Amino acid sequence: MRKFDFIDRELKRRRIEHQHRRLQGVTPLPGARVEVNGRAMVDFCSNDYLGLSKHPSLQARAIQFSEKYGSGSTASRLICGSLDCFEAVERKLAESKGVEGALIFNSGFQANVSVIPALADRKSTIFSDALNHNSIIQGITLARCTKKIFRHNDLDHLQSLLEKNAENGASRSLIVTESVFSMDGDQTDIDRLTALAEAHDAILIVDEAHATGVLGENGMGLTAGKNVDVTVGTFGKALGSFGAYIACSGKIKDYLVNCCSGFIYTTALPPAVLGTIDAALDLVPQLTDARKRLHENATFLRDRLSKLGYDTGPSTTQIIPVLLGDEASTLAMARKLEEAGIFATAIRPPTVPPGESRIRLALSAAHTRPQIEALLRVFGE
Ligand SMILES: *Cc1c(COP(=O)(O)O)cnc(C)c1O
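Heads up: these notes are all about the structure in this document. (Residues numbered from 1 in each chain as written. Predicted model: local features only at pLDDT ≥ 70, side-chain atom pairs only at ≥ 80, totals over all residues. Heavy atoms only, no water.)

A word on the packing of aromatic side chains
The way to describe two aromatic rings as a pair is by their centre distance and the angle between their planes.
So, point 1. According to the stated counting rule, one finds four aromatic pairs in the structure shown.
So, point 2. Pairing F65 with Y69 gives two aromatic rings, centres 5.6 Å apart and planes at 55°, and the pair type is tilted. One end of the pair is F65 and the other is Y69, both in helix 2 (residues 56-69) and four residues apart, which spans about a single turn.
So, point 3. For the ring pair F235 and Y245, a centre distance of 5.4 Å and an interplane angle of 45° mean the geometry is tilted. Note that F235 is positioned in the loop between strand 9 (230-234) and strand 10 (244-248) and Y245 in strand 10, a separation of ten residues in sequence. (Phe/Tyr/Trp six-rings, centres within 6.5 Å; stacked < 30°, edge-to-face > 60°. Helix = DSSP H or I, 4+ residues; strand = E, 2+ residues; numbered from the N terminus.)

Some points on the environment of D121
So, point 1. The residue D121 is located in the loop between helix 5 (108-119) and strand 5 (125-129) in this model.
So, point 2. A relative accessible area of 28% means that D121 is categorised as partly exposed.
So, point 3. Taking the C-alpha atoms as reference points, D121 and D5, separated by 116 residues in sequence, lie 37 Å from one another.
So, point 4. If near-sequence neighbours (up to four positions away) are discounted, D121 is found in contact with A143, C145, S171 and R172.
So, point 5. There is a polar contact of 2.6 Å between the side chain of D121 and the side chain of S171. (Buried < 20%, exposed > 50% of the residue type's maximum accessible area, 1.4 Å probe, protein only. Contact = heavy atoms within 4.5 Å. Polar contact = N/O pair within 3.5 Å; in protein donor to acceptor, adjacent residues only side chain to side chain.)

Points about a nonpolar patch on the surface
So, point 1. Taken together, the side chains of F4, F6, I7 and L11 define a hydrophobic patch exposed on the protein surface, amounting to about 370 Å² of accessible area.
So, point 2. If you trace the backbone, F6 turns up in helix 1 (residues 5-16). (Patch = residues over 30% accessible without salt bridge, like charges linked within 9 Å, V, L, I, M, F, W, Y side chains within 5 Å. Areas by Shrake-Rupley, 256 points an atom, 1.4 Å probe, with all protein chains shown as cover. Salt bridge = Lys/Arg side-chain N within 4 Å of Asp/Glu carboxyl O.)

Some thoughts on the sheet that holds strand 13 (residues 345-347)
So, point 1. One open sheet accounts for three strands, arranged 11-14-13; its pairing is antiparallel. The outermost strands of the open sheet, each flanked by one partner alone, are strand 11 (319-325) and strand 13. On average, each strand axis in the sheet is tilted by 25° relative to the strand beside it, whichever way the strands run.
So, point 2. Pairing between strand 13 and strand 14 (residues 357-362): three bridges, direction antiparallel. Note on strand 14: the bridge partner recorded for I347 is R358. (Pairing = 2+ DSSP bridges. Axes fitted to C-alpha atoms, helices over the stretch in contact; angles between N-to-C directions.)

Structure (structure tokens):
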């Protein structure tokens, strides 16, 4: 039987090139900690930026919604799965985002892979940031249209590509980018993007996965109150739960309900998840102090790392890459951190280009100063 030879070859290649990954079981502990291999470690990898994954009001509302509506939504939204809690949560979300329409998706991945192809056709041109998330790249691939990649966060380059392609006969143009980038922790200039989109009559799609809950007015992201056509966000990161949303006009919402396969052909999220989203949306505007603590933690860590001589790249947020360059020193640092009881991710090629290996740190408002100082001691050695 040779039909699975390709699997043997690929797994072997990965083992030889130290790219073979395994699932690591973890048990959550109170505070920003997890138990890994029977050992308590401080967690510097999770996206639980506000510590909401353990908030009692999210857990309580999950139980409440589950008791009221059952454990499953029983069907897709267009059949009979559109329980009244979906509409209530979408209204709450639209209000806090300052838009007409909000639509819940089962995940951010599912939103990106289906919303982008729904808004593009084969004759469209999509302009995409070089460091966009894999789900955006998959969505663009599924759109099967012309794709132009602009250099990471280089809006001059985006502008020149838009100008060069103005007369290329495309049916429409779409610009897709993120407001906070997941690898470098840097931010895009939303005002300049909206001006570029307007000047070139392009549909602007911004992914707020790492900004939702953390940045912008009331923590509702950098696109809140701005002229962005389609915002994508997740409830799986700072909002401490699961699921995703689109914020847009009423017209685009109506179109997506009718034409977006990733919304139409899937069972609606379970009521318990809707309960956690509902509770998180109530909490987020009140979490000003937690956001302040998070940003102070991030500034403190970046400053101290740079005093120690480390390069934290263009980061201005709670995501802080420590750029170490070669793979060997990155892996050595990852081992030192592990020995010190610190759980952090080593990022290496092919996720980043060769020579750009790094330790990626993600901060939470739940981190204490002593936890961050212990992290800095390892980098200091
Ligand atoms: C995490 C992430 C997603 C996927 O969201 P999920 O809800 O986890 O599926 C999409 N886009 C970006 C930029 C992300 O970081």
